[in-house]
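Residue-level structural notes
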Amino acid sequence: EAGVAQSPRYKIIEKRQSVAFWCNPISGHATLYWYQQILGQGPKLLIQFQNNGVVDDSQLPKDRFSAERLKGVDSTLKIQPAKLEDSAVYLCASSLGDRFGEDYEQYFGPGTRLTVT
Amino acid sequence: KQEVTQIPAALSVPEGENLVLNCSFTDSAIYNLQWFRQDPGKGLTSLLLIQSSQREQTSGRLNASLDKSSGRSTLYIAASQPGDSATYLCAVRGNTGKLIFGQGTTLQVKP
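Below, the structure is looked at part by part. (Residues numbered from 1 in each chain as written. Chains lettered and ligands numbered in written order. Predicted model: local features only at pLDDT ≥ 70, side-chain atom pairs only at ≥ 80, totals over all residues. Heavy atoms only, no water.)

**Examining the state of the cysteines**
Residue and element names in this part refer to chain A. The line we're drawing: The disulfide criterion used throughout: a pair of cysteine sulfur atoms within 2.5 Å. The helix count covers DSSP runs of H or I at least four residues long, the strand count covers runs of E at least two residues long, and both are numbered beginning at the N terminus. When a residue's accessible area, from a 1.4 Å probe over protein chains only, is under 20% of the maximum for its type it is buried; when over 50% it is exposed; and in between it is partly exposed.
Applying the stated criterion across every chain yields a total of 2 disulfides over all chains. Linked covalently through their sulfurs, Cys23 and Cys92 form a disulfide whose S-S length is 1.9 Å. Disulfide Cys23-Cys92: the torsion about the S-S bond is -70°, which places it as left-handed. Of the two residues, Cys23 sits in strand β3 (residues 19-24) while Cys92 sits in strand β9 (residues 88-95), which places them 69 residues apart along the sequence. Since its relative accessible area comes to 0%, Cys23 is described here as buried. According to the relative accessible area criterion, Cys92 is buried, its value standing at 0%.

**Focus: the pairing of strand β6 (residues 53-56) of chain A**
Residue and element names in this part refer to chain A. Here is the rule: We call two strands paired when DSSP finds no fewer than two bridges between them.
Bridge count between strand β5 (residues 44-50) and β6: 3 bridges; the pairing is antiparallel. Paired with Gln50 across the strands is Gly53, a residue of β6. Linking β5 to β6, which pair antiparallel, is a turn of 2 residues; within it Asn51 sits at a positive phi near 55°.

**Considerations on the sheet that holds strand β8 (residues 75-79) of chain A**
All names here are of chain A. To be explicit about the condition: Here, axes are lines fitted to C-alpha atoms. For helices the fit covers the stretch in contact, and angles between N-to-C directions go from 0 to 180 degrees.
With respect to topology, 4 strands assemble into an open sheet ordered β1-β3-β8-β7, the strand pairing being antiparallel. Whereas interior strands pair on both sides, the edge strands pair on one side only; in this sheet they are β1 (5-7) and β7 (65-68). For this sheet, the mean inter-axis angle between neighbouring strands, taken without regard to orientation, is 15°. Both β3 and β8 contribute to a ladder of 5 bridges, which runs antiparallel. By the bridge assignment for β8, Phe21 is matched with Leu77.

Next comes the structure, spelled out in structure tokens:
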């Protein structure tokens, strides 16, 4: 079974530029998550999708971050314009779960390391 | 608001030692608790998942315990090996599926 795929693996941009990350979850997984992991910290959930609907985006900086999962499969996360503090690893995860409270394990991709200079 | 804290932030031990990593959380109303391993440049690998009704889980040389009432979990690693060197993350889950992570403990096992 293929795992969660993410691209690119690394990205270096200047502040005020825009960037997009792509995630392809495990086949059949209804739930998709984007996390931000700043160096030395644990991952922080940015947005959670259930199929193509948003479940939780309470910690997504909506003035500059956007995400979509139009067909309920793969997803893109965009930052526009980027700030220095956006330098982090962006992790995508997926799980089978399609209900609140269901106990489905999250599987993580390798992440995209973003450096904003 | 749930907060998860891991102590220590970093740990260095000689090969063969038994060690304990600590995780504490502020809100005991959790659905489950999970321990992950993260290698440099890699994603997260799930090690152990403990349901809120369970007290411990074991996998090979790893044993994780959970005391919900006190808001604590420990990850015990027996007979540590250099290949165990990694960052270990603790995460608690509420009933919406959202994982709240601690900041991690970076472990180095020296040959």
